[in-house]
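# Coordinate inspection notes
Each chain is listed here by its residues.
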Amino acid sequence: MLEIKNIQKSFGTLSVLKGVDLQVNQGDVVAIIGPSGSGKTTLLRCINYLETADDGTMVFDDECFQMAKISKKDISRLRKKTAFVFQNYNLFQNKTALQNVTEGLIVARKMLKAKAVQIGKQALDKVGLSDRYDYYPSQLSGGQQQRVAIARAIATDPEIIFFDEPTSALDPELTGEVLSVMRQLAKEGMTMLVVTHEMSFARTVSNKVIFMEDGRIVEEGSSAEFFEHPKEERTKMFLQTIHDTTGLDD
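This report concerns the structure included in the present document. The structure presented is a predicted model; accordingly, all values stated were derived computationally and were not measured. (Residues numbered from 1 in each chain as written. Predicted model: local features only at pLDDT ≥ 70, side-chain atom pairs only at ≥ 80, totals over all residues. Heavy atoms only, no water.)

## A closer look at the overall build of the protein chain
To keep things clear, this is the line we draw: Where helices and strands are cited, they refer to DSSP runs of H or I of at least four residues and of E of at least two residues respectively, numbered from the N terminus. We take the radius of gyration over the C-alpha atoms and set the globule estimate at 2.2 Å times the residue count to the 0.38 power. For every residue, the accessible area (1.4 Å probe, protein chains only) is compared with the maximum for its type, and the residue is labelled buried under 20%, exposed over 50%, or partly exposed between those bounds. Every residue pair with non-hydrogen atoms within 4.5 Å of one another is taken to be in contact. In this description, accessible areas are obtained by the Shrake-Rupley approach with a 1.4 Å probe, and a residue is regarded as covered only by the protein chains that are shown. Asp and Glu count as negative and Lys and Arg as positive, but His and the ends of the chain are not part of the count. The atoms used to mark charge sites are NZ of Lys, CZ of Arg, CG of Asp and CD of Glu.
For the protein chain, the count of helices and strands is 9 helices and 10 strands. Compactness check: the protein chain gives a C-alpha radius of gyration of 18 Å against a globular reference of 18 Å for 250 residues, within 12% of the reference. Once the C-alpha set of the protein chain is aligned to its principal axes, its extents read approximately 55 × 45 × 35 Å. Burial status across the protein chain gives 49% buried among its 250 residues. Of all intrachain contacts in the protein chain linking residues separated by at least 6 positions in sequence, the fraction that spans at least 24 positions is 63%. Carbon together with sulfur atoms contributes 47% to the accessible area of the protein chain, which is approximately 12000 Å² in total. For the protein chain, the distance from the average site of its 30 positive side-chain charges to the average site of its 34 negative ones is 8 Å.

Structure follows, in structure tokens:
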């Protein structure tokens, strides 16, 4: 479904991605983990063309694209097949939850307002916000705002959703409600690529884990194999540190 080869990205003299290869099959839930500064978010942003990679190729739905030279028309076409959920929600503060979900459908996709409202309400219902259609972001908790952002993503009926640390801005007690929605999406077969620090999600919901450090993939494999039998010493050290600080097996 999605294959990336040799993706490279530098900011000035700082090399952030150093030849990353990645493959995502339909229905996969892929967790990208690793220490801060390893290139995880940059990888996700390059895949969705929020950043322009310096080199690399992308194959999406059997079409091949040169990532450094892709046209704006192709970027627009690809984005209509994908959705992106940001760390900090990226909601319009002057629009209600329902308006935040319908805005892209009406403006970018030229959908009739009545149809967009119907889809928007269904999406908000799906994330447990059927009683919050007319609430503004300032009237919602962080977890509710992120669920609005997820509703906005699923309303476009994407082939894949990219999540950039969707719970990192949340208080711990609000993290669970967002992860619950993501678990339900996974059960329904939604393809997801998730940059996350939530090891429980990576272990129990994703079917594939990628561990990055210093702009490279150190290790990847099935979630069960990755957590039970890591192969690389650096992976073992990382997982031990996570276990010592958070109690991974609890």
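Alright, that's what it looks like, and here's the rest.
## Remarks on the nonpolar core
Heads up, the condition is: Each nonpolar core is a collection of buried residues, namely Ala, Val, Leu, Ile, Met, Phe, Trp, Tyr and Cys, held together in the definition by side-chain atoms within 4.5 Å.
With 39 residues, the main nonpolar core has Leu124, Ile150 and Phe163 as its most contacted residues. Apart from residues lying up to four places away in sequence, isoleucine 150 is in contact with Val85, Val127, Phe163, Val178, Val181, Met182 and Leu185. Within the second largest apolar cluster, 29 residues are counted, among which are Val20, Ala53, Met58 and Ile160.

## Structural notes on the sheet that holds strand β5 (residues 63-66)
For clarity, the threshold we go by: What makes two strands pair is DSSP finding at least two bridges between them. Between N-to-C directions, angles cover 0 to 180 degrees, with each direction set by a line fitted to C-alpha atoms, over the stretch in contact for helices.
Read from one edge to the other, the open sheet built from 4 strands follows the order β2-β1-β4-β5, with strand pairing classed as antiparallel. Strand pairing shows two members of the sheet lacking a second neighbour, β2 (14-24) and β5, which therefore form its edges. Averaged over all neighbouring strand pairs, the angle between strand axes comes to 20°, with direction disregarded. Bridge analysis of strand β4 (residues 55-60) against β5 gives 4 bridges, and the strand direction is antiparallel. Paired with valine 59 across the bridge in β5 is cysteine 64. Strands β1 (2-11), β2 and β4 of the sheet are contacted by helix α1 (residues 40-47), whose axis makes an angle of about 115° with β1.

## With respect to the sheet that holds strand β7 (residues 160-164)
Across the sheet, which stays open at both edges, the 6 strands sit in the order β6-β7-β8-β3-β9-β10 with mixed pairing between neighbours. Both outer strands of the open sheet, β6 (82-85) and β10 (216-222), are each paired with one neighbouring strand and no more. For this sheet the average axis-to-axis angle between neighbouring strands, irrespective of direction, equals 15°. Pairing between strand β3 (residues 29-33) and strand β8 (residues 191-195): 4 bridges, direction parallel. Note on β8: the bridge partner recorded for valine 30 is leucine 193. Sitting on the sheet, helix α6 (residues 172-187) is in contact with β3, β7 and β8, with an inclination near 145° to β8.

## Looking at the pairing of strand β9 (residues 208-213)
Taken across its 6 residues, β9 has 5 buried, putting it largely inside the fold. Alignment of β3 against β9, held across 4 bridges, turns out to be parallel. In the sheet register, isoleucine 32 faces β9, and the bridge partner there is isoleucine 210. Note: β9 against β10, 6 bridges, orientation antiparallel. Directly across from lysine 208, in β10, lies its bridge partner serine 222.

## Brief notes about the environment of threonine 102
Along the polypeptide, threonine 102 turns up in helix α3 (residues 97-107). Judged by its relative accessible area of 6%, threonine 102 is buried. For the pair threonine 102 and threonine 42, spaced 60 residues apart in the sequence, the C-alpha separation amounts to 28 Å. Threonine 102 has contacts with Ala116, Val117 and Gly120, leaving out every residue within four places of it along the chain.

## Focus: the packing of helix α5 (residues 142-155) against α6
To keep it simple, the criterion reads: Orientation categories follow fixed angle ranges, with anything under 35 degrees roughly parallel, anything over 145 roughly antiparallel, 65 to 115 roughly perpendicular, and all other angles oblique. Helix crossings are classified by the rotation of the near helix relative to the far one: an anticlockwise turn of less than a right angle makes the crossing left-handed, while a clockwise turn makes it right-handed. Each residue gets one of three labels, nonpolar for Ala, Val, Leu, Ile, Met, Phe, Trp, Tyr, Cys and Pro, charged for Asp, Glu, Lys and Arg, and polar for the others, Gly among them.
Remark: α5 packs on α6, axes separated minimally by 8 Å, with the N-to-C direction vectors making an angle of 20°. With respect to α6, the axis of α5 lies roughly parallel. Note on packing geometry: the crossing formed by α5 with α6 is right-handed. The segment α5 lies against α6, with Gly142, Gly143, Gln144, Gln146, Arg147, Ile150 and Ile154 engaging Leu174, Glu177, Val178, Val181, Met182 and Leu185. Looking at the contact of α5 with α6 residue by residue, the classes come out as 7 nonpolar, 4 polar and 2 charged.

## Overview of the environment of glycine 104
Tracing the chain through its elements places glycine 104 in helix α3. By relative accessible area, glycine 104 is classed as partly exposed at 35%.

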